[in-house]
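# Breakdown of the fold
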Amino acid sequence: QVQLVESGGGLVQAGGSLRLSCAASGRTSSSYVMGWFRQAPGKEREFVAAITWSGGNTFYADAVNRRFTISRDNTKNTVYLQMNSLKPEDTAVYYCAATDKWGTRAIMSRESEYDYWGQGTQVTVSS
């Protein structure tokens, strides 16, 4: 079992920045591929970014590419999502997820590929 706890959400003005954190604990959590997803009101949950256990490979959704950066610190069992140039359409609950699989961007963007999920943290971007 892997437990995931997100933090760092909040209210920010458009153009601002936030950094989300996801603290992982449990069985060999540092060896898992980690992903971030988000769910806006009235919409389905969507992929944001993913990172391999070493941090050497990353994937991003087109909507956040070049604005968001995913990273991890395995010494702290923590994954980060640095969000810059935030837009009102980035408003959502952001979820951290973990899996022991790795594949193409199309595969890693699927919710079904992830086995463990956090409870989510709210990000609200005002215009």
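Here, the structure is the one placed above.
Parameters and conventions
Residues numbered from 1 in each chain as written. Predicted model: local features only at pLDDT ≥ 70, side-chain atom pairs only at ≥ 80, totals over all residues. Heavy atoms only, no water. Salt bridge = Lys/Arg side-chain N within 4 Å of Asp/Glu carboxyl O. Helix = DSSP H or I, 4+ residues; strand = E, 2+ residues; numbered from the N terminus. Buried < 20%, exposed > 50% of the residue type's maximum accessible area, 1.4 Å probe, protein only. Disulfide = S-S within 2.5 Å. Pairing = 2+ DSSP bridges. Axes fitted to C-alpha atoms, helices over the stretch in contact; angles between N-to-C directions. Contact = heavy atoms within 4.5 Å.

## Some points on the pattern of salt bridges
Under the definition given, this model contains seven salt bridges. Across the pair Arg105 and Asp62 runs a salt bridge whose closest N-O atoms are separated by 3.0 Å. Of the two residues, Arg105 sits in helix 1 (residues 105–108) while Asp62 sits in the loop between strand 6 (58–60) and strand 7 (68–73), which places them 43 residues apart along the sequence. Judged by relative accessible area, which is 64%, Asp62 ranks as exposed. Via salt bridges that share partners, Arg38, Glu46, Arg67 and Asp90 belong to a single interconnected network.

## Points about the state of the cysteines
Simply put, disulfide is the name for a covalent bond between the sulfur atoms of two cysteines. In the structure shown here, the tally under the stated rule is one disulfide. Linked covalently through their sulfurs, Cys22 and Cys96 form a disulfide whose S-S length is 2.1 Å. The sign of the -80° torsion about the S-S bond sets the Cys22-Cys96 disulfide as left-handed. Taken as a pair, Cys22 in strand 3 (residues 18–26) and Cys96 in strand 9 (residues 92–99) lie far apart in primary sequence, 74 residues in all. You can call Cys22 buried: its relative accessible area is 0%. By relative accessible area, Cys96 is classed as buried at 0%.

## Description of the sheet that holds strand 8 (residues 78–83)
Sheet strands pair by backbone hydrogen bonding; their relative direction is either parallel or antiparallel. The strand order 1-3-8-7 describes an open sheet built from four strands, whose pairing is antiparallel. Sheet topology places strand 1 (2–7) and strand 7 at the edges, where each strand pairs with a single neighbour. Pairs of neighbouring strands in the sheet enclose a mean axial angle of 15°, with direction left out of account.

## Considering the environment of Asp100
Checked against the element boundaries, Asp100 lands in the loop between strand 9 and helix 1. Taking the C-alpha atoms as reference points, Asp100 and Ala61, separated by 39 residues in sequence, lie 20 Å from one another. Residues within four places of Asp100 in sequence aside, it is in contact with Tyr32 and Asp115.

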